[in-house]
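# Survey of secondary and tertiary structure
Listed below, chain by chain, are the residues.
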Amino acid sequence: MNKSINLSRRRFFAKTGAGLLVGAGLPSWLQAMEGMSEMPKRAPNKASPNFHPDVEIDLLTKPSTISILPGQPTQVLQYVAKLIKGPANTVTEIPGSYLGPILRFEKGQKIRINLRSELNEPTITHWHGLHVPALMDGHPLYAIDKVQVFVYEFEMLNRASMSIYHPHPHNMTASQVYHGLAGAILVTDPEEQRLGLPNGEYEIPLVIQDRRFDDNNQLVYASHMRDRMMGFYGDRILINGRPDFNLDVASRAYRFRILNGSTARIYKLAWDDNSPITVIGTEGGLLESPVHKPYVMLAPGERLDVWADFSGRNVGSQLVLRSRSFSGVLPKMATRMHQMALPVGSDYPLLTVKVTRQVSDSPALPNSLSTYHHYQISDTVNPNNPVPIAISEGPMSMLLNGRPYAYNDVLPSERIPVNTIQLMEIFHAHGGSGGHGDDKSKEQGEGMQHGNDKPQAEGHKMGGMGMMGGEGMAGMGTMMSMAHPIHLHGQSFQILSRSIGAAESEDYATVKDGFIEGGFKDTVLVMPGERVKIIKPFQDFKGLFMYHCHNLEHEDMGMGMMRDFSVE
Ligand code: C2O
Ligand code: CU
Ligand code: CU
């Protein structure tokens, strides 16, 4: 469909790109890019008479105002939910927060959600982490306008886990999320319930975000090109939409369900008394057994299930969850040039826990949490031929597999047979450290090895452009290289291996003990120069499933980091 249009657009793009190399101006080029990646429209999905939901929710997105800082209220965008059918605990509002209500589901439930928009721009909601059909996944193709309604109907196939709902319209995801549109989803199942983990008031969702306010308490968002290249960083930490967040607890064990809802900021979570962080789960649910970490890295889109035990602590004692110092996630050049108010990788507090009640009873941490299959290379259909996800970085462009997003522009390597398990490799196309001159063509070739039809050849050429691979740009890789949280829609995956070039070791040492291995993930932080191999199932559903950088500014850039897998 529209093949010829896409081809001519690609040629146009290639020419424009070449023009840039000899010094064409930025704005027209960017405009061309945004024009090129126009998204067609589809009629919103309607309720099916044959679908009999266990749970039905009316979900509204609308402009709203809320009091965040002392003084003037802040204009935000907000999700508002109303339970039509289902258990009373399905929808729980967070009082005083712009965040959407917490949605609680059970595995096996049939769910209908009627999304209605009161925004003055297109929107569509994506269930980040949920395994749903392509039509129900919130692809930008299905964005709705004001007063339109999109009806989602799906069965909850996920095991117990925490997911996110947030908008996913083309080029506007970041700003809608930034202005408030996001919420947490908690799925439960019998395996989790048997464990008797802390629940009710002892299970606390914690959404970490950074925001910037002007003198009138209004949200300030990315305006500078730099904010799109590096990501936008606020100067204030909000937890569940509140500044200076304090949590009063009893002297017992809690379950913290932590979500990084920032558009770009990466955190290194640690307790201020240096007691280990006990992690019991990741994006895709519980680990086999708890792990104790000195700190844990949490990139945008990632979630953590944390066992926080305050038993044995005296009433009046305090514990601060901090983000500790680390380096290497932003381009060295950029960090030198631009002093942030709250620098990424500096040491700052996130929230304070105060023990205010003594209780005598506390649940014990289970030794064994869950059992599941660990994917082996031999489970995959492509053990010697990993599906490439090549990150390329250059001035004004951050790309995946050498291409910006365009609808219906699927590379041969992006076609995935349904019901297969795939080995995939995420890597920096220019080597990240900038020192791998000889590697470069090899890596690039590896990234583009699938198929050899015409669009592929063009892809190759554009890849070179996107990577600024010319000799004169040799140093650019080093200067631009940064960490990217890569997110894949659909089923969660497991990490098979991570490897990194020696040049990165100093920075890498500040983060490497904070990665959780062995669990199910849907977002993985890929450091400069790092290669991450993952194994991911593509079961049950055909259609377009996005993969992108969850640095939402990178996702939204005209020359940005988003692509589709076509599962067929
Ligand atoms: Cu949370 Cu496609 O994203
Ligand atoms: Cu997602
Ligand atoms: Cu990125």
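Look up: the structure comes first, before these words.
All of the points below concern the structure found in this document. Worth saying up front: this structure is predicted, and the values here are computed from it rather than measured. (Residues numbered from 1 in each chain as written. Chains lettered and ligands numbered in written order. Predicted model: local features only at pLDDT ≥ 70, side-chain atom pairs only at ≥ 80, totals over all residues. Heavy atoms only, no water.)

## With respect to the coordination of the copper ion (ligand 3)
Reference geometry at the metal: tetrahedral coordination by four donors gives ideal angles of 109.5 degrees; octahedral coordination by six donors gives 90 or 180 degrees. Protein ligation of the copper ion (ligand 3) involves His484 (ND1), Cys549 (SG) and His554 (ND1), the donor distances falling in the range 2.0 to 2.1 Å. Mapping the donors of the copper ion (ligand 3) onto the primary sequence gives the spacing H-x64-C-x4-H. Taken together, the positions of His484 in strand 26 (residues 484–488) and His554 in helix 11 (residues 552–556) put the pair 70 residues apart, joining distant regions of the chain. On the accessibility criterion, His554 (0% relative accessible area) is buried. (Donors = N, O, S within 2.8 Å, 3.2 Å for Na, K, Ca; no water. Helix = DSSP H or I, 4+ residues; strand = E, 2+ residues; numbered from the N terminus. Buried < 20%, exposed > 50% of the residue type's maximum accessible area, 1.4 Å probe, protein only.)

## Structural notes on the coordination of the copper ion (ligand 2)
At this site the copper ion (ligand 2) is bound by His126 (NE2) and His487 (NE2), with donor distances of 1.9 Å. In this pair, His126 is assigned in strand 6 (residues 125–128) and His487 in strand 26, connecting sequence segments 361 residues apart. For the pair His126 and His487, a shared accessibility class is recorded, and that class is buried.

## What to know about the packing of aromatic side chains
Taken as a whole and judged by the stated rule, the model has 20 aromatic pairs. Between Phe538 and Phe565, the ring centres sit 5.8 Å apart and the planes meet at 80°, which makes this aromatic pair edge-to-face. Here Phe538 is found in strand 29 (residues 530–538), whereas its partner Phe565 is found in strand 31 (residues 562–567), with 27 residues between them in sequence. Each member of the pair, Phe538 as well as Phe565, carries the same accessibility label: buried. Members of the aromatic cluster, connected to one another through ring pairs, are Tyr79, Trp127, Tyr142, Phe150, Tyr152, Phe154 and Tyr165. The ring centre of Tyr202 lies 3.6 Å from the NZ or CZ of Arg252, which sits over that ring. Here the basic side chain of Lys268 rests over the ring of Tyr295, its NZ or CZ set 4.1 Å away from the ring centre. (Phe/Tyr/Trp six-rings, centres within 6.5 Å; stacked < 30°, edge-to-face > 60°. Lys NZ or Arg CZ within 6 Å of the ring centre and 35° of its normal.)

## Thoughts on the layout of surface pockets
A volume near 680 Å³ is recorded for the largest pocket. Lining the largest pocket are 33 residues, and of these Arg104, Leu186, Asn199, Gly200 and Glu203 lie nearest its centre. Of all elements in the fold, only strand 4 (102–106), strand 9 (183–188), helix 4 (190–194), strand 10 (203–211), strand 13 (246–250) and strand 14 (253–260) reach the threshold of two or more residues within the lining of the largest pocket. With four residues, the single largest contributor to the lining of the largest pocket is strand 4. Here the lining of the largest pocket is composed, by residue class, of 13 nonpolar, 11 polar and nine charged. Per-domain counts for the lining of the largest pocket show at least three residues from each of domain 2 (55–191) and domain 3 (200–357). (1 Å grid on protein atoms, 1.4 Å probe; cavity = no way out; pocket = protein on both sides within 12 Å on 5 of 7 lines; lining within 4 Å. Points joined across faces, edges and corners; volume = space filled by probe spheres on them. Nonpolar A, V, L, I, M, F, W, Y, C, P; charged D, E, K, R; others polar. Domains from an automatic or database assignment.)

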